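# Tertiary structure, described
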Amino acid sequence: MGSSAFHIVVVEDDAVTRAKLASYFAAEGYRVSEVESAETMRATVRRDPAHLLLIDIQLPGEDGLQLTRDLRSQSDVGIILVTGRTDVVDRIVGLEMGADDYVTKPFNHRELLARAKNLLRRAAAHPYGGQQQRHFAGWSYDLARRRLTDPAGEIVELTHAEHQLLALFLRNPGQ
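Overview of the structure. Just so you know, these numbers come straight off a predicted model, no measurement behind them. (Residues numbered from 1 in each chain as written. Predicted model: local features only at pLDDT ≥ 70, side-chain atom pairs only at ≥ 80, totals over all residues. Heavy atoms only, no water.)

### Quick look at helix α1 (residues 15–27)
Spanning 13 residues, α1 covers 18 Å between terminal C-alpha atoms, matching the ideal 18 Å at 1.5 Å per step. Buried residues of α1: T17, R18, L21, A22, Y24 and F25, and no others. Burial along α1 is one-sided: seen end-on, the buried residues are contained in an arc of 160°. Summarising the geometry of α1, the exposed residues directed more than 90 degrees from the buried face are V16, K20 and A27. Positioned one or two residues after α1, G29 has a phi angle of 100°, which is positive. (Helix = DSSP H or I, 4+ residues; strand = E, 2+ residues; numbered from the N terminus. Expected span 1.5 Å × (residues − 1). Buried < 20%, exposed > 50% of the residue type's maximum accessible area, 1.4 Å probe, protein only. Arc of directions from axis to C-beta.)

### Points about the nonpolar core
Among the nonpolar cores identified, the biggest contains 19 residues, and L53 and I55 are the most heavily contacted of them. Elements supplying a minimum of two residues to this core: β1 (7–11), α2 (38–47), β3 (52–56), α3 (64–74) and β4 (78–83). Apart from the residues within four sequence positions on either side, I55 is in contact with V11, G64, L67, T68, L71, I79, I80, L81 and V82. In terms of nonpolar packing, the next biggest core, distinct from the first, is built from 18 residues, L21, V82, L113 and A116 among them. (Core = buried A, V, L, I, M, F, W, Y, C linked by side-chain atoms within 4.5 Å. Contact = heavy atoms within 4.5 Å.)

### With respect to α2
For α2, every residue scored as buried is listed here: A38, M41, R42, T44 and V45. End-on view of α2: buried residues confined to an arc of 165°, all on one side of the axis. Opposite the buried face of α2, at more than 90 degrees from it, the exposed residues are E39, R46 and R47. Buried residues along α2 sit in contact with β1, β2 (31–35), β3 and α3.

### Observations concerning the sheet that holds β3
Read across the open sheet, the 5 strands follow the order β2-β1-β3-β4-β5; overall the sheet is parallel. Only two strands of the sheet have a single neighbouring strand rather than two, namely β2 and β5 (101–104). The mean angle between the axes of side-by-side strands here comes to 20°, regardless of whether they run parallel or antiparallel. Relative to β5, β4 runs parallel, the two sharing 4 bridges. The residue of β5 that forms the bridge with L81 is Y102. (Pairing = 2+ DSSP bridges. Axes fitted to C-alpha atoms, helices over the stretch in contact; angles between N-to-C directions.)

### Notes on the pattern of salt bridges
Following the criterion strictly, the structure yields 10 salt bridges and no others. The closest approach of N and O atoms between D48 and R31, which form a salt bridge, is 2.5 Å. Here the residue D48 occupies a position in the loop between α2 and β3, and R31 occupies one in strand β2, the gap between them amounting to 17 residues. E62 is paired through a salt bridge with R42; the nearest N and O atoms lie 2.8 Å apart. You can see E62 sitting in the loop between β3 and α3 and its partner R42 sitting in helix α2, a full 20 residues away along the chain. What makes E62 partly exposed here is its relative accessible area of 25%. Beyond isolated ion pairs, a larger network of salt bridges with shared partners links E12, D56 and K105. (Salt bridge = Lys/Arg side-chain N within 4 Å of Asp/Glu carboxyl O.)

### Remarks on the packing of aromatic side chains
Counted by the stated rule, this structure contains 3 aromatic pairs. A ring pair is formed by F6 and Y30, whose centres lie 6.4 Å apart and whose planes are at 40°; its orientation type is tilted. Note that F6 is positioned in the segment before β1 and Y30 in the loop between α1 and β2, a separation of 24 residues in sequence. Ring geometry for F25 versus Y30: centroids 6.0 Å apart, planes at 65°, classification edge-to-face. Here F25 and Y30 have matching classes, each one buried. Here the aromatic residues F6, Y24, F25 and Y30 are joined through ring pairs into a cluster of three or more. (Phe/Tyr/Trp six-rings, centres within 6.5 Å; stacked < 30°, edge-to-face > 60°.)

Printed below as a string of structure tokens:
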């Protein structure tokens, strides 16, 4: 998958930082969307699924840590937290919430690009906002809601491990 096929969403309320990040990744050949809040990000990925999210921790409304926790419960999308906070506790909490990486401002653009490329290799097959329904042999599985429905339309209760295993099989058909 070429870099232009990857969609990166920069979630940053500071317009200058947002524009700098977006222009840097656009110059590297990525499709980039700029948004200022969690709410706008969700609307954007419904229209154009994202492969990587660069999220500022200090967002208005739903902060970046809450957003990261919510996203991780629904998706394996790549998440890099980008923040001015340098406290090690913030870094640990961000990673515990499900962020893949954490970069503090000011950051080196080439380092951030290298981190993003590593994440994109993994996240390429699972864009956030993309098709979350899988159908097989009359059954239906909603990856986002973790809901399995049998051919008769009944919801089948699964353990956490069963959900993880089924999602793994459905994301990697024929392997």
